[in-house]
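Structural features, examined
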Amino acid sequence: MALHMSSLFLRTLREDPADAEVPSHRLLVRAGYVRRVSPGIYTWLPLGLRVLRNVERIVREEMDAIGAQELLFPALLPKEPFEATGRWTEYGDNIFRLHDRKGAEYLLGPTHEEMFTLTVKDLFSSYKDLPLSIYQIQTKYRDEARPRAGVLRGREFVMKDSYSFDVDEAGLDKSYQAHRDAYVRIFDRLGFHYVIVEAMAGAMGGSKSEEFLATAEVGEDTYVHCASCGYAANVEAVRVPTPDPVPLDGLAAAHVEDTPDTPTIETLVAHLNERFPRDDRPWAAGDTLKNVVVMLAHPDGTREPLAIGVPGDREVDEKRLGAQVEPAEVEAFTEADFTANAALVKGYIGPGALGSEGSTGIRYLLDPRVVEGTAWVTGANEPGRHVVGLVAGRDFTADGTIEAAEVRPGDACPRCDGTLEAARGIEMGHVFQLGRKYAEALDLKVLDQNGKLVTVVMGSYGVGVSRAVACVAEGNHDELGLVWPRELSPVDVHVVATGKDEEVFVKAEEIARELEAHGVSALVDDRRGVSPGVKFKDSELIGVPTIVVVGRGLADGQVEVKDRRTNERRSVAVDDVVPTVVAEVRGTASVAGVSGGTGDTGDTGATGATATDGEA
Ligand code: ATP
Ligand code: MG
C-alpha cells in the first residue's frame, strides 16, 4: 500500500537543528528520517527506517551470496567472555556496563568476537566443519567519547559483523578475499565514493587489515594515497620507508654547545644558523631530534612514561601514536610528572636521559628515519644546552622504533618513487585477518586431518549499517535536500497532487495504486490545503529520486515527471506515466545494481564514482 503524506508519521522542518554540524545530520533530521533521543542515540522514524532496512537488505543479500549464514546474538552479554580476552578492562569507559538483580556484571556488546568464537567452540570440533562464515546485523553499544554527526557516530548503532573460521592461513586468505569482494559489491550498490585503504593489523597475529572509507570532507579518518602506484593507507597504517644506515667511520665527534633560550625547534634552528653556520646549507628543523615524552595509561591502571624521538620538523601524531600503543591510552606528561623525573629538562631532553641505558630509564622509541649513522642536534639534558652531531648507533641507542611521527602530503610513498597525498574519509567497513588472537584466548580448537588439535584462524568483518545511511546522505544531497540512490530510497516514487481540483487527487491515487501493482512503491502527497510550494519543498527535502507531479496540466492530459537527481522536469501524457516511471525505476535500478566502481585499492578518484554517477 502506498504511503500518504496526510497520515505519514512525519514532520519536516524548515530550520536546521541547532546541534547539526554536517549536512547529512541536518538533512536527515529536517526531512524527518531520524530524531535525537540523547547524544548519540536516535529514533528511526518511518522514512528513515525504510532506508535503514534497504541498507540491511543489500548487506544481507551480498553476505548470503558468499555463503555466510545469518544468526543473531543478544546485545546484553555477561562479562566473563570479555574478561577471558582482556577486553572487559581494555574497553575502559567505552562500554556500557550494568548489573542484574543479583549483582552479576553485564555489558551491552560493543562488538561480538567473543560470542562468535565461543559459539563455534560450543558446536564445532573438526576441520570437516570448516570453513565457516557467520554474521549478524545487530545493534551495538559504545560509549563513544565524542558521539557526532547524528547517526554517523552513535552510541547505539547498527553493525553487520561477520567472522570467518578456518583451519589454516590459506583458508583465511580465501575467506578474507570473499568478504572483501562482497564489500566491494555492497559499497558499489550503496552508491557513494569510497576507497579501500590499508589499515593497522593487530599486534597479536593479525596480519592483514583494510578499511573501506567513504571519501568525505567531514570524515574523521585521514588517509594517504599515491597517485603513481595506487597505494592507499589509513595514516595509522603508513609505514615510513627506512633509509639505509650510514657508515660510522669518519663521522665528526659530537660536541655540547651553549644554546641559551632555545626551548623550541624554531628558536634552536635560528640559534644554530647564527652561531654555528654550516658550510653546505643552513640548519633546518629536520636536522634536530625532538624528544617527546608522554604518559601511557595501561588498562590495568598502571602508568608508564614513554619517550619518542622524531625529526624536529615533524610532530608526533596523536592517532598514529595511539594506534601503536593500544590498548594503552596516551596522556599528557604533566608538570608533576616532570618533577617526579628530575633528570628530564623540559625543552632540552636528550637521548642521554632516555632508554634503558639512559639516566631516567624511560622507554625510548625512535622514528624509523633515525637510522644508524645519522647525526642530530638534540637536547643535552641541561637547561640551555644542546649537543651537535650526536650519531645514532654510535653515541646513543634506543629501545626500538615507533611509527608515530605525522605523515604529510608530499612524503615519499612507501611502495614506489611517488609522493603521498592526503584526504579524509569515514570508515564504512573493515575487513581484518584476526589470526588466532580470540581463538587462543577462548581456546577454540578443532581436530585437523591428522587428528591433531589445532587453533582455529579467524577473520572479522564489519559494516556500519546505520552509519551507511548518514554516509550515503552525506554523498548524495544538494542545497534543496536529500537525493537517494534508487536502491536506498524510502519509496521508489513520490507522487505529488497539487491544487484544489478533486480530480487531481483521484488521479494521483490511481497512479500510485497502479505503480504499487507493478511492484513500484509510492508516497502520495495527498494533503489538502497545503500549497504546491510547500509540497515541492518537502519532496525535494525528502529526496525520492523520481517525483510525479499531478496538477494543472491534468486538464490537458499531462503530468510532470521530475528527476530529483538532475532536477529536470518533463511533461508526460497521463496515460503513459505508469509504464514510463516503472521502466525508469526498473531500468535505473538494474543499472545501479550492475554498475559500479571496482573498489580497487587506491583508486580514489574513480572508485565508487561510477556507483554514484548521476545520483549526486
Ligand atoms: P571508528 O574508527 O569509526 O570508531 P571502529 O574501527 O571502532 O570505528 P569497528 O569496530 O571496525 O569500528 O566497527 C565496524 C564498523 O562499524 C565500522 O567500520 C563503522 O562503519 C561502524 N561503526 C563503528 N563505530 C560506530 C559508531 N559509533 N556509530 C556508527 N557506526 C560505527
Ligand atoms: Mg575499524
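Residues numbered from 1 in each chain as written. Chains lettered and ligands numbered in written order. Predicted model: local features only at pLDDT ≥ 70, side-chain atom pairs only at ≥ 80, totals over all residues. Heavy atoms only, no water.

Considerations on the packing of aromatic side chains
By the definition in use, this model includes 11 aromatic pairs. Arranged with centres 6.4 Å apart and planes meeting at 55 degrees, the rings of Tyr176 and Tyr461 form a pair that is tilted. Residue Tyr176 is located in helix α6 (residues 169-190), and its partner Tyr461 is located in strand β24 (residues 457-464); the two are separated by 285 residues in the primary sequence. Exposure class is identical for Tyr176 and Tyr461. Each is buried. Their ring planes at 35 degrees and their centres at 6.1 Å tell us that Tyr194 and Phe212 sit as a pair that is tilted. On the criterion of sequence distance, the pair formed by Tyr194 in strand β10 (residues 194-198) and Phe212 in strand β11 (residues 209-215) is long-range, its members being 18 residues apart. The exposure class assigned to Tyr194 is buried, which follows from its relative accessible area of 1%. Assessed through its relative accessible area of 0%, Phe212 is described here as buried. (Phe/Tyr/Trp six-rings, centres within 6.5 Å; stacked < 30°, edge-to-face > 60°. Helix = DSSP H or I, 4+ residues; strand = E, 2+ residues; numbered from the N terminus. Buried < 20%, exposed > 50% of the residue type's maximum accessible area, 1.4 Å probe, protein only.)

Things to note about helix α11 (residues 465-475)
For α11, the buried fraction is high: 10 of the 11 residues fall into the buried class. Where α11 is concerned, the buried positions are Val465, Ser466, Arg467, Ala468, Val469, Ala470, Cys471, Val472, Ala473 and Glu474.

So, the packing of helix α2 (residues 46-65) against α11
Close contact between α2 and α11 brings their axes to 9 Å; oriented N to C, the two are set at 115 degrees. Here α2 lies roughly perpendicular to α11, going by the angle between them. The two elements α2 and α11 meet at a crossing, and its hand is right-handed. Here Val51, Leu52, Val55, Glu56 and Val59 of α2 lie close against α11, whose contacting residues are Val465, Ser466, Ala468 and Val469. Partitioned by chemical class, the residues of the contact of α2 with α11 number seven nonpolar, one polar and one charged. (Axes fitted to C-alpha atoms, helices over the stretch in contact; angles between N-to-C directions. Parallel < 35°, antiparallel > 145°, perpendicular 65-115°, else oblique. Left-handed = near helix turned anticlockwise from the far one by under 90°. Contact = heavy atoms within 4.5 Å. Nonpolar A, V, L, I, M, F, W, Y, C, P; charged D, E, K, R; others polar.)

Examining the layout of surface pockets
Estimates place the volume of the second largest pocket at around 390 Å³. Lining of the second largest pocket is provided by 22 residues; of these, Pro263, Lys290, Asn291, Val292 and Gly347 occupy positions nearest its centre. Listed by contribution, the elements that provide at least two residues to the lining of the second largest pocket are α7 (265-275), β15 (288-297) and β19 (375-382). A total of five residues in the lining of the second largest pocket trace back to one element, the largest contributor, which is β15. Class assignment of the residues belonging to the lining of the second largest pocket gives a composition of 12 nonpolar, seven polar and three charged. (1 Å grid on protein atoms, 1.4 Å probe; cavity = no way out; pocket = protein on both sides within 12 Å on 5 of 7 lines; lining within 4 Å. Points joined across faces, edges and corners; volume = space filled by probe spheres on them.)

Quick notes on the domain arrangement of the chain
Per the domain assignment, the segments making up the chain are domain 1 (56-238 + 422-469), domain 2 (255-401) and domain 3 (486-589). Here the C-alpha centroids of domain 1 and domain 3 sit 41 Å apart. (Domains from an automatic or database assignment.)

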